[in-house]
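In case you want the letters, here they are:
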Amino acid sequence: MKTVDVTVIGGGPAGLAAAIEAHKNGAKVLLVEREARLGGILKQCIHDGFGLVRFGEKLTGPEYAHRFIKEFSDLGIEAMTLTFVTAVDRTSEGYALTLVNRNGMSKVLSKTLILATGCRERTAKQVFIHGTRPAGVYTAGTAQNFVNLCGVMPAKRCVILGSGDIGLIMARRLTLEGAQVLGVYEIQSTPSGLTRNIHQCLHDYGIPLHLSHTVTRVFGHDRMTAVEVAQVDENKAVIESTKQIIECDTLILSVGLIPENEQAESLGIQIDPFTKGPICDQGLQTLLDGVFSCGNALHVNDLVDYVSESGETAGRNAAKWAHDYRTFASIEPGNGIAYTVPQRLNTAEAGGDVVLYFRSKKVYEKALLQVTVNDVPVYEKKYAHLKPPEMERLSIDFAQYDIKTGDTVKVQIREDAAK
Amino acid sequence: MKELICIVCPNGCTLHIDTDSDGFCVSGHKCKKGLLFAQSEMQDPLRTVCTTVRTVFPETPVLSVRTSKEIPKSKIFEIMQHLNGFLLTERIGIGETVIGNICGTDADIIATDNILKE
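Residues numbered from 1 in each chain as written. Chains lettered and ligands numbered in written order. Predicted model: local features only at pLDDT ≥ 70, side-chain atom pairs only at ≥ 80, totals over all residues. Heavy atoms only, no water.

Trainee: Could you give me a rundown of the pattern of salt bridges, with the residues and numbers involved?
Mentor: Within the structure shown, the criterion is met by 29 salt bridges over all chains. Its salt-bridge partner being A:Arg54, residue A:Glu312 comes within 2.4 Å of it at the nearest N-O pair. In this pair, A:Glu312 is assigned in helix 8 (residues 304–320) and A:Arg54 in helix 2 (residues 52–55), connecting sequence segments 258 residues apart. When its relative accessible area of 17% is taken as the criterion, A:Glu312 is described as buried. Among the salt bridges present, the one from B:Arg47 reaches B:Glu41, with a minimum N-O distance of 2.8 Å. A relative accessible area of 5% places B:Arg47 in the buried class. According to the relative accessible area criterion, B:Glu41 is buried, its value standing at 10%. The network of salt bridges with shared partners includes A:Arg34, A:Arg120, A:Glu260 and A:Glu262. (Salt bridge = Lys/Arg side-chain N within 4 Å of Asp/Glu carboxyl O. Helix = DSSP H or I, 4+ residues; strand = E, 2+ residues; numbered from the N terminus. Buried < 20%, exposed > 50% of the residue type's maximum accessible area, 1.4 Å probe, protein only.)

This is how it looks when you write it as structure tokens:
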């Protein structure tokens, strides 16, 4: 059986960064990708704005991916494309993977695994919309694939439900290609996409954003003919008197992303119920020894720069992995914080900066972020604003706080002390 | 007073622009780029156009492209219209020019994907 040190599942930005970093740290690496080309979702994200944090440039998705793909192939790392991982078994020698592709089935034995499987879009079935089931209901990512890769226009007159970033990007993209985008409807009272996307995708083209509104019904037999929209109250209940019919042929959904963790679940890896990604320590190792997670499989990111960063963390640590016994302190979200990644601190691992990703639960202007260890404050940072759509990154050297196994590190917002 | 969201970086600063008889005054930016963005937005807003062009290659019906630099916002639809009538017949690589000096903007249309060379 073929043996490697690190197998990376997924060839998007997280997987590419993980494979490159693992290789640079001396590991024999295999990357497995189910599509024909590396690059993941970046292949269809032809808009610019990628890489500002990492490269200080506004790159398009394919350009950002190309930098990593080029480095990956220059380093001679092995990739199997058009290949699916159909089973992962834990054996005494490592993880035995069953791979299926056009050549048939093969097996690989890998010391460690990096799950870089990305995320999936929430579909129409997962949001409660009444009515018929005509053609014309697409997720934003599907519409993006049609327009940007297949060169096919899915809409003439469309309504967008949800103000996630891909929905905003598609509002602009469809407008540029000649479709009429009638409006973006968002059930929450604040936008769920990045502020700059609201500006450059909606404001620039005069596309209205209706907050606290949702689509309640779909009409049409073969093709969609209209949707019914309505305002919602503070409990997100539909206000009947505000219902109105909008004629359109397409409804685009941008209603959230869910990390894809079927392999992790099949291995019994513990998943964080909030992030829907595996619970990890600071090396992005899951609670199952030798299995790592990164990118959007770990938690949904808004910037690819951080996806790559998490891939590198996972890649570096997977390459160095050596059956070490781990003991944990927990990192928990406190007041005002939706989640943190990582959720555990491996106390057996000495020192070094720990990168902590978190999101706030709601919009804060002038917030004081506090980190406590067993309720004793150890670290504070002021923020001019915190918004749920914008993930924050902190780098803290926890070694100085003498954290022991079983301790609780809490990340919270001090609302009283901010001003 | 006018409010703008800076789109230069992910900080997305809210910029306040006060207009008076002498011109305008910007506040709320965290860095100089924000100030420059506000000035540009008030005088001559610029954007990068990212889109696709049709190709003659059946396995790659469209190739992603962008303007090599920012162009005046008012030119976006003129450029889109021009590109809609364009058909790519050469296998060009990432960064290579598809159309030079698009619509007299001094910007080129360049390929952003290397798929035709793979």
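Trainee: Run through the sheet that holds strand 1 (residues 2–5) of chain B, naming residues and quoting values.
Mentor: All names here are of chain B. Strand order in this open sheet of 3 strands is 1-2-3, and the pairing throughout is antiparallel. Strands with a single pairing partner mark the edges of an open sheet, and in this sheet they are strand 1 and strand 3 (23–27). Recorded for the sheet is a direction-independent mean angle of 30° between the axes of neighbouring strands. Pairing geometry for strand 2 (residues 14–20) and strand 3, over 5 bridges, is antiparallel. Each residue of the ladder has a partner; that of Asp18, found in strand 3, is Cys25. Running over the sheet, helix 1 (residues 32–43) touches strand 1, strand 2 and strand 3 and is turned about 50° from strand 2. (Pairing = 2+ DSSP bridges. Axes fitted to C-alpha atoms, helices over the stretch in contact; angles between N-to-C directions. Contact = heavy atoms within 4.5 Å.)

Trainee: Before we move on, can you summarise the nonpolar core with the specific residues and values?
Mentor: Residues and elements named next belong to chain A. Of all hydrophobic cores here, the largest spans 43 residues; its most connected members are Val6, Val8, Val29, Tyr64, Phe72, Ile114 and Cys294. Among the elements of the structure, strand 1 (2–9), helix 1 (13–24), strand 2 (29–32), helix 3 (61–74), helix 8 and strand 22 (337–341) are those that each provide at least two residues to this core. At 7 residues, the largest contribution of residues to this core is made by helix 1. Setting aside anything within four residues of it in sequence, one finds Tyr64 in contact with Leu42, Phe50, Gly51, Arg54, Phe55, Leu59, Val304, Asp305 and Ser308. (Core = buried A, V, L, I, M, F, W, Y, C linked by side-chain atoms within 4.5 Å.)

Trainee: Which residues make up helix 1 of chain B, and what values do they have?
Mentor: Along its 12 residues, helix 1 of chain B runs 17 Å from first to last C-alpha, staying within 8% of the 16 Å computed at 1.5 Å per residue. When we look at burial in helix 1 of chain B, the residues that qualify are B:Gly34, B:Phe37, B:Ala38 and B:Glu41. Viewed along the axis of helix 1 of chain B, the buried residues span an arc of 100°, placing them on a single side of the element. Relative to its buried face, helix 1 of chain B has exposed residues pointing more than 90 degrees away, namely B:Lys32 and B:Gln43. Looking at the packing, one finds that the buried side of helix 1 of chain B touches helix 6 (195–202) of chain A together with strand 1, strand 2, strand 3 and strand 4 (46–47) of chain B. (Expected span 1.5 Å × (residues − 1). Arc of directions from axis to C-beta.)

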